[in-house]
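Examination of the molecular architecture
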Amino acid sequence: MASRTCICRVTAGILFLIGALLLVAGLVIVLGVFPNIVNNQINDGKVLGLNDDGTLNSFTDSWVNSKYISTMQYWVYDYTNTIGIMNRALYPDVREKGPYAYDEIITMDHVNFTDNGNFMEFRQVQTFVFNPNKSCPGCDPYKDKVLIPDMGFQVGIDTLDSTIEAILKNPTAVLICQLIMTKRNAPDPVQSCKNLAALIEGEIGTLISLFNVGPFVTVTVDQLLFSGYKTPFVDKFVNQALGLLHFLFGTPPNPIPNPPIQLNPLNGTSDIINTVLSGKSDPLLAGYMTSFRSISNDSMFNSVGSTLPPMWWPFANKTYCKDPISALTIVGTNGDFFKNFVKKTDVLPAFVSDVCRTIHFKFDREVTVKGFTGYRFIMPPTQFDYSLDENCGFCIPLKYGAYEYPPHSACLPSGLLDISGCTGGPIIMSKPHFYQADKMVSRFVPRFKPTYDNDETMLDIEPNTGTVLQAQKRLQINMLVNQYKHIRSFSVMRPGAYPLAWVNESFYMDQNTIDQLNSQLFGPVSTVNTICWVAVGVGSGLIALSIVMVVVSFCCFQDEHHKVS
């Protein structure tokens, strides 16, 4: 009997050792060794570069030849109360049309690497093809028309008003006027000249109206978005007025050019070469923008080292900004992907060319996309809040004033971003329907009812690899309309951001990306985790079994010992 007890205890000891080894090995692998292997594998795979044979490596090829499903949807605004806006200072009332959906084809070329492999250059071209099946029923951008504020009129009247004001205030012109008024025995030549100047400036609008030109224009949706329209202000007013002058003086006509105006002039073309970090030195910085340059050497689109062209944000270097360089600094990827091992506490920077600046995205919530757990990051309202020091450089003082602000007193209210410095036109960006903007902005168009689901920009990111599972980039394009108090015809219109269209640029991962995530990451991780936790379970079971065997054998030995006694 003693020998059987001994054998039982030896067996229990062996089982205990095997169980302990399985338990420890499983825990060490699943909690320590394997995560490090996976992390190293992810980091090694997140480097932009070439294979030994000169072809693009797997990560670079998946980015350059991305098969993401991309769609651009436009909703355009048709103004319904333009007479009330101009004559009675009514708030704008608009009718929303859309979506007009376009398949977005993204291609990359001019791909090059520096000799040391630390930097990658590329050009990214976006081509938009109208898709009636994804658009609103019966919508045709080539036939549908909308009545909108005319950007060319706004730029032209601003230039005309400034020019006439400069002429009327010119010391020589003032002196000549006063001499004429003195000869005509005016009681107060100085005041008479001021009254004459005010009369001339005030009747500019009447003169313009004689040429059947006004602040609003009717265009097709395609003209507004892509093909462009020519402002009547130039063709009907400026060039015809110049033609009359040339006729009177007998000189040959010399009309000024009237380039087309559109919201998206770069359909199927791009002049920009981007430079990004390859991630060779630090995989967490792979894809980070460092600079960009114009192929045609247009200085307006040449970064200055790692900073934006200074004319984009001309007030960034003002002494009252505590961090003047922050507005001009290029930081982050272009938003196609993000760093590995994203945490909920991270702030993810991305250079968003649509708004001519870096946007810092913050965590919002966990989501599930096609079976993958993701972190949703959004564009917080603080990005367009000029009361914050980091946004000081984005403040463009209002020349004519707007909303409740007098001229030259302040920048736009929170929720609006003036990007005229990088577009050359009076363009104001915001979230659709002025979502999260200041109350004075949101009530400017009473019909708008903004919501999180329709108007927030969202990035759903797989946290281990930084892969974008899906994204919705939502922005509204507005035009800054000024109030010209000295021009009687335009002295009533409320100054502010008049909406033109809002867009939803959506990205969804393709089946190839899903298969890569499953085969290269989640499949092996799931398999190893299963094996390790099975080993932990078996080991725990063996340890428990060995303990039971020892207890049983000890009890049997005690009983046998009492019988012998």
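Per an unreviewed UniProt entry, the protein chain is named CD36 family protein, and its organism is Caenorhabditis latens. Turning to the protein chain, the UniProt record has this under Sequence similarities (unreviewed entry): "Belongs to the CD36 family."

Right, let's talk about the nonpolar core for a bit. Here is a general trend for soluble globular proteins: nonpolar side chains tend to be buried in one another's company. By size, the foremost hydrophobic cluster in this structure holds 100 residues, and its most contacted members are Leu225, Trp313, Tyr403 and Leu417. Ignoring anything within four residues of it in the chain, the contact list for Trp313 reads Leu308, Ala327, Leu328, Val355, Cys356, Arg357, Gly393, Phe394, Ile396, Leu417, Asp418 and Ile419. Counting residues in hydrophobic clusters, the runner-up holds 14 residues, among them Ile164, Ile208, Val213 and Phe233.

Before going further, it helps to spend a moment on the state of the cysteines. One pass over the full model with this rule turns up two disulfides. Between the sulfur atoms of Cys356 and its disulfide mate Cys422 the distance is 1.8 Å. Note on the Cys356 and Cys422 pair: the S-S dihedral is about 50 degrees, so by sign convention the disulfide is right-handed. Of this pair, Cys356 sits in the loop between strand E8 (347-352) and strand E9 (357-369) while Cys422 sits in helix H10 (residues 420-423), and the two are 66 residues apart along the sequence.

What follows is about the layout of surface pockets. In this model, the second largest pocket occupies a volume close to 390 Å³. Taken together, 17 residues make up the lining of the second largest pocket; nearest its centre are Leu168, Cys193, Lys194, Ala197 and Ala198. Put simply, the parts of the chain that give the lining of the second largest pocket at least two residues each are helix H4 (151-168), helix H5 (171-183) and helix H6 (189-202). It is H6 that contributes the most residues to the lining of the second largest pocket, eight residues altogether. Of the residues contributing to the lining of the second largest pocket, the split by class is eleven nonpolar, two polar and four charged.

If you walk through the whole model with that rule in mind, you get 16 salt bridges. Residues Asp346 and Lys339 are paired through a salt bridge, measuring 3.2 Å at the closest nitrogen-oxygen approach. Take Lys339: its relative accessible area is 23%, and that puts it in the partly exposed class. Residues participating in the shared-partner salt-bridge network are Asp78, Arg95 and Lys97.

Before going further, it helps to examine the environment of Met181. Residue placement: Met181 occurs in helix H5. In this structure Met181 comes out as buried when scored by relative accessible area, which is 14%. In this structure, Met181 is in contact with Ala186, Pro189, Ser192, Cys193 and Leu196, ignoring residues within four places of it in sequence.

On to the packing of aromatic side chains. Applying the stated criterion across every chain yields a total of 23 aromatic pairs. Plain terms: the ring middles of Phe59 and Phe337 are 5.2 Å apart, the flat faces sit at 75 degrees to each other, and that makes the pair edge-to-face. One end of the pair, Phe59, is in helix H2 (residues 58-64); the other, Phe337, is in the loop between strand E7 (289-294) and E8, and 278 residues separate them in sequence. Ring pairing ties together the aromatic residues Tyr79, Tyr91, Phe216, Tyr403, Phe444 and Tyr498, which thus form one cluster. Between the NZ or CZ atom of Arg494 and the centre of the ring of Tyr91, over which it lies, the distance is 4.1 Å.

With that settled, consider the environment of Ile419. One can find Ile419 in the loop between strand E11 (416-418) and H10. With 23 residues separating them in the primary sequence, Ile419 and Ile396 have C-alpha atoms 8.9 Å apart. Those residues within four positions of Ile419 in sequence are excluded, and the remaining contacts are Trp313, Asp354, Val355, Cys356, Ile427 and Met429.

Geometrically, the link from Gly98 to Pro99 is a cis peptide bond, its omega value of 10 degrees lying close to zero. Although it is not a glycine, Asn297 sits at a positive phi angle of roughly 60 degrees. Counting through the fold element by element, Asn297 comes out in the loop between E7 and E8. Assessed through its relative accessible area of 60%, Asn297 is described here as exposed.

Thresholds applied
- Residues numbered from 1 in each chain as written.
- Predicted model: local features only at pLDDT ≥ 70, side-chain atom pairs only at ≥ 80, totals over all residues.
- Heavy atoms only, no water.
- UniProt positions renumbered as here; feature names shortened; annotations may be inferred.
- Core = buried A, V, L, I, M, F, W, Y, C linked by side-chain atoms within 4.5 Å.
- Buried < 20%, exposed > 50% of the residue type's maximum accessible area, 1.4 Å probe, protein only.
- Contact = heavy atoms within 4.5 Å.
- Disulfide = S-S within 2.5 Å.
- Helix = DSSP H or I, 4+ residues; strand = E, 2+ residues; numbered from the N terminus.
- 1 Å grid on protein atoms, 1.4 Å probe; cavity = no way out; pocket = protein on both sides within 12 Å on 5 of 7 lines; lining within 4 Å.
- Points joined across faces, edges and corners; volume = space filled by probe spheres on them.
- Nonpolar A, V, L, I, M, F, W, Y, C, P; charged D, E, K, R; others polar.
- Salt bridge = Lys/Arg side-chain N within 4 Å of Asp/Glu carboxyl O.
- Phe/Tyr/Trp six-rings, centres within 6.5 Å; stacked < 30°, edge-to-face > 60°.
- Lys NZ or Arg CZ within 6 Å of the ring centre and 35° of its normal.

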